[in-house]
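Each chain, letter by letter, is given below.
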Amino acid sequence: MKKLVMTGGGTAGHVTPNIALIPKLKEMGYDISYIGTYDGIEKKLIEEIGIPYYGISSGKLRRYFDLENFTDPFKVLKGLFQAKKLMRKLKPDVVFSKGGFVTVPVVLAAADHKIPVFIHESDMTPGLANKIALPRASRICCNFPETQAMFSDRATVTGTPIRAELFSGNADAAFTYCKFAEKKPTILVIGGSTGAKKINETVWDILDDLLKSYNIIHICGKGNTKPELDGKSGYAQFEYVKKELADMFALADLAISRAGANAICELLALKKPNILIPLSKAASRGDQILNAKSFKKSGYSVVIEEEELTGEKLLKSVDSVIADKEKYINTMNGSDGSDSIKMITDMIDELANKK
C-alpha cells in the first residue's frame, strides 16, 4: 500500500481541498496520514473524517514587526524536528502540501528525507510559507496561468479540488433550515471560516433594504452574529456551517464573498453569480485582490474593493448581478471544466510510483 502524508492548516481554505482529494486517494489504495498544528481548525476537520492526525509545533512567519518574531523561529525549529521524526515513522511515498505555516517544517523534513513533495498553490502569487517550501517541490499545481509561468515545467494548472458534497445540495432543505417564509431570490453572504467584519457590518446597514427583495443567508464567523436579529423574517444568520453549506449554495442565487482562491474556485465550479470583496492590502499581502481581478477580467465576478465598500454600492451591485444572473452563469459555463481531483491524484500517483 502506498503511503501519503497530507499537510495544510491555519484556515479552512488550507484544509478543505485536501479533504476533497481523500475519497479518490483512498479508492486508489493510499494509506493517508495528516500533519497539522496541535489545535488548529485542521485538527477537528481531519479527525472528523477518520484520518490519523499528528500535531506539531508551528510558528507564524511574519513580514512585520512583532515580539513573537523572536520566539516563533524556535517553534518552527521544534516543528522541523517533530516532522523529521514523523517522516521516519510514517515513511510516506509522497507528501502533499496545501499551504499554511505548519507546512514549512513538514516540506523541509520531507525534502531532507528525499521524499517527493507535491504543493498546491491556490493564489496567483505564493504566500511566505509557500515561497519557502516551493523550491523543495517536485511538482506544483495552481489555479492561475500566471502562477504556472513562475515555475516552468514543474507547475500545472489544475484548479482547486472541490468537495463532491458541494454539488449535491438540496435547495428546499436550506429553505426549511433557514426558516424562510416567502420564496424570494436568495443571497448567501460568506466571509470565510472566521467571517469578515466589514462585510458583516455593511450587510447589516442595508439589511432592511435587502429584505424587501431577497432572503439572506449570512454566515458571520464565530462570535459575530447579532442576537437581536434572530428570527427576523427572511434573514438567517450563522456563525459557521458545515454540512448545511451545500444546501445553502443550492438555494443561493448570488454569493457575496471574500476572494480567497478556494472560495472563488468553489463559486466558479458551482456556477454561482457573485460579488467579491477581497481583503485589503492593509490587512493582507494583496493576494485576494489579484484573485478577484482575474475573476472580474474573466467575467465571472463583480468586484468591490473593501476601501470602497458602502451599503449603497453593495445594494446596487446586488440588484445589478441578480438582473444579469444568466449572463454570469453562461460565462462560467464556458470556463475550463477540468477534473481537478483526477488531475491532482494522477500526478500524486506518478510521483509515488517514481519513488
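Counting of residues starts from 1 at the beginning of each chain's written sequence and follows it residue by residue. Predicted model: local features are reported for residues with pLDDT of at least 70 only, side-chain atom pairs are reported and counted for 80 or more only, and whole-chain, interface and lining totals are derived from all residues. Excluded from the side-chain calculation are hydrogens and water; included are all heavy atoms of the structure.

A. Highlighting the sheet that holds strand β13 (residues 301–303). Two strands make a pair as long as DSSP finds a minimum of two bridges between them. By definition, any uninterrupted DSSP run of H or I lasting at least four residues is a helix, any uninterrupted run of E lasting at least two residues is a strand, and each is numbered from the N terminus. Taken in spatial order, the 6 strands line up as β10-β9-β8-β11-β12-β13 in an open sheet, and their pairing is parallel. Two strands lie at the open edges of the sheet, namely β10 (235–238) and β13, each paired on one side alone. Adjacent strand axes in the sheet meet at a mean angle of 15 degrees when their direction is disregarded. Sheet analysis places strand β9 (residues 215–219) next to β10, joined by 4 bridges and oriented parallel. By the bridge assignment, I216 is partnered in β10 with Y235. Axis definition: a line fit to C-alpha positions, over the contact stretch in the case of helices; interaxial angles, taken between N-to-C directions, run 0 to 180 degrees.

B. Expanded view of the packing of helix α3 (residues 72–90) against helix α4 (residues 103–112). Remark: α3 packs on α4, axes separated minimally by 8 Å, with the N-to-C direction vectors making an angle of 45 degrees. Comparing the axis directions of α3 and α4 gives the class oblique. Taken as a pair, α3 and α4 cross one another with a handedness that is right-handed. Along its contact with α3, which presents V76, G79, L80, A83, K84 and M87, the element α4 presents P105, V106, L108, A109, A110 and D112. Residue composition of the contact of α3 with α4, by class: 9 nonpolar, 1 polar and 2 charged. To sort the angles, those under 35 degrees are grouped as roughly parallel, those over 145 as roughly antiparallel, those from 65 to 115 as roughly perpendicular, and the leftovers as oblique. By definition, turning the near helix anticlockwise from the far helix through less than a right angle yields a left-handed crossing, and turning it clockwise yields a right-handed one. Residue contacts are defined here by distance: any two heavy atoms, one from each residue, within 4.5 Å place the two residues in contact. Basically, the charged four are Asp, Glu, Lys and Arg, the nonpolar ten are Ala, Val, Leu, Ile, Met, Phe, Trp, Tyr, Cys and Pro, and anything else, Gly included, counts as polar.

C. Just the pattern of salt bridges, in detail. Salt bridges, as used here, are contacts in which a Lys or Arg side-chain nitrogen is within 4 Å of a carboxyl oxygen on Asp or Glu. Under the definition given, this model contains 20 salt bridges. With its nearest N and O atoms 3.8 Å apart, the salt bridge here joins E350 to R139. Here E350, found in helix α15 (residues 340–354), pairs with R139, found in strand β6 (residues 139–142); they are 211 residues apart in sequence, far enough to count as distant. Note on classification: 1.4 Å probe, protein chains only; a residue is buried when its accessible area is under 20% of the maximum for its type, exposed when over 50%, partly exposed between these limits. A relative accessible area of 36% means that E350 is categorised as partly exposed. Among the salt bridges present, the one from E308 reaches K313, with a minimum N-O distance of 3.8 Å. Given the relative accessible area of 35%, K313 is considered partly exposed.

On their own, these measurements won't tell you what the molecule is for.
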